[in-house]
Amino acid sequence: MNNDSKRNALSFEMLCNLIDALDEMMLRKARVVILRANKGAKVWSAGFNIDELPRDGRDPLAYDNPLQKLIRSIMECPAPVIAMAEGSIWGGACNVAFICDIVIGTKDTCLAITPAKIGVPYNTSGILQFIDIIGAHTAKEMFFTAEPIPAEKAHTLGILNHIVPSEDLENFTLKIANKIISNSPLSIRVIKEQLNILGNAMPLSPQTFEHIDMLRRIAGTSKDYLEGLNAFYEKRKPEFKGE
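Residues numbered from 1 in each chain as written. Predicted model: local features only at pLDDT ≥ 70, side-chain atom pairs only at ≥ 80, totals over all residues. Heavy atoms only, no water.

Caption draft 1: Spotlight on the overall build of the protein. For the protein, the count of helices and strands is 10 helices and eight strands. For 243 residues, the compact-globule estimate of 2.2 N^0.38 gives 18 Å, and the protein sits close to it at 18 Å. Its C-alpha atoms give the protein principal-axis dimensions of about 55 × 40 × 35 Å. A total accessible area of about 13400 Å² is found for the protein, and carbon and sulfur atoms account for 56% of it. When the 27 basic and 29 acidic side-chain charges of the protein are each reduced to a single mean position, those positions are 2 Å apart. (Helix = DSSP H or I, 4+ residues; strand = E, 2+ residues; numbered from the N terminus. Rg over C-alpha atoms; globule rule 2.2 N^0.38 Å. Areas by Shrake-Rupley, 256 points an atom, 1.4 Å probe, with all protein chains shown as cover. Lys, Arg positive; Asp, Glu negative; His and termini not counted. Charge placed at Lys NZ, Arg CZ, Asp CG, Glu CD.)

Caption draft 2: Quick look at the pattern of salt bridges. A complete count under the given rule lists six salt bridges for this structure. Put simply, Glu24 and Arg28 hold a salt bridge, and the shortest N to O gap is 3.3 Å. The class for Glu24 is partly exposed, based on a relative accessible area of 41%. Residue classification places Arg28 among the exposed positions, given a relative accessible area of 57%. (Salt bridge = Lys/Arg side-chain N within 4 Å of Asp/Glu carboxyl O. Buried < 20%, exposed > 50% of the residue type's maximum accessible area, 1.4 Å probe, protein only.)

Caption draft 3: Local environment of the nonpolar core. Counting 52 residues, the largest nonpolar core has Trp44 and Val96 as the members making the most contacts within it. The leading source of residues in this core is helix α3 (residues 92–99), at six residues. Val32, Ile104, Val164 and Leu169 belong to the second largest nonpolar core, which has 10 residues in total. (Core = buried A, V, L, I, M, F, W, Y, C linked by side-chain atoms within 4.5 Å.)

Caption draft 4: Up close: helix α4 (residues 124–134). Residues Thr124, Gly126, Gln129, Phe130 and Ile134 constitute the buried set of α4. Gly135 sits one or two residues past α4 and shows a positive phi near 85 degrees.

Caption draft 5: View of the packing of aromatic side chains. Summed over the entire model, instances satisfying the criterion amount to six aromatic pairs. Between Tyr122 and Phe130, the ring centres sit 5.9 Å apart and the planes meet at 45 degrees, which makes this aromatic pair tilted. What makes Tyr122 buried here is its relative accessible area of 10%. The class for Phe130 is buried, based on a relative accessible area of 0%. Each ring, one from Phe232 and one from Tyr233, has its centre 5.5 Å from the other, and the planes form 80 degrees; the classification is edge-to-face. Residue class for Phe232 comes out partly exposed when judged on its relative accessible area of 43%. (Phe/Tyr/Trp six-rings, centres within 6.5 Å; stacked < 30°, edge-to-face > 60°.)

Caption draft 6: Representation of a nonpolar patch on the surface. A cluster of nonpolar side chains, Ile127, Leu128 and Ile131, forms an exposed patch at the surface whose accessible area comes to about 190 Å². Structurally, Ile127 is set in helix α4. (Patch = residues over 30% accessible without salt bridge, like charges linked within 9 Å, V, L, I, M, F, W, Y side chains within 5 Å.)

Caption draft 7: The arrangement of unusual backbone geometry in detail. The backbone of Asn8 shows a phi angle near 55 degrees, a positive value even though the residue is not glycine. Turning to its location among the elements, Asn8 is positioned in the segment before α1 (12–27). Judged by relative accessible area, Asn8 falls into the buried class, the value being 0%. Located in the positive-phi region is Ala146, a residue other than glycine, with phi close to 60 degrees. Checked against the element boundaries, Ala146 lands in the loop between α5 (136–145) and β7 (149–150). For Ala146, a relative accessible area of 2% gives the class buried.

Caption draft 8: Main features of the pairing of strand β3 (residues 81–85). Burial runs high along β3: five of the five residues are buried. In β3, alternate side chains face the same way, and those of Val81, Ala83 and Ala85 on one face and Ile82 and Met84 on the other are all buried. In this sheet, strand β5 (residues 102–105) lies alongside β3 in parallel orientation, the contact comprising four bridges. Across the sheet, the residue bridging to Ile82 is Ile102, located in β5. (Pairing = 2+ DSSP bridges.)

Everything listed here is a matter of coordinates, which is why it stays silent on function.
Okay, structure coming up:
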């Protein structure tokens, strides 16, 4: 991710470029993919580009949204995807980092799930992914407070596989990548797909999906959602009324 001036905000353009890059890696039969920011970045990614959130009642995180497409591309990539997570990680970028197969950070890495700050209804698959990785209680606290958690806690929760000094981050990540490359790519591809299938094995009834869809529409068409967007652009604290 190479847009330091925008703190690597996940614009449609950047998301599509990342998807294209993953497709290219698959065509080239890459054995490992590393997703990173520029060296020394203070922010790995500021999350979804708020400028591109809809205001007309459309689902802000629909199935065909580029962020959702990128998450599926990471999951479907046959090679392990390593997040080299230097700097802070915000909003939808947390979902991207969480879904990577291995996450390596530094003491300055922190993560915050922030849709509640602007009234965005988060998508169901993303919430299930958070619950699967960090459990319901921690997911609720992160969603409800929108406060960042530090590297040490993220490591304890299993979000970060390793915490290493900033100056060693790249070399350490490459050592992990080289260990993966020395193993059977077919075995790794099959095991990754098995883990993804098993991780998504929770059955939900059609009625449950319809109920969730209704709840997300209520939030996505609310006055609070528009107030969150307006407050962000006006650089003020939002005045949410639960309407």
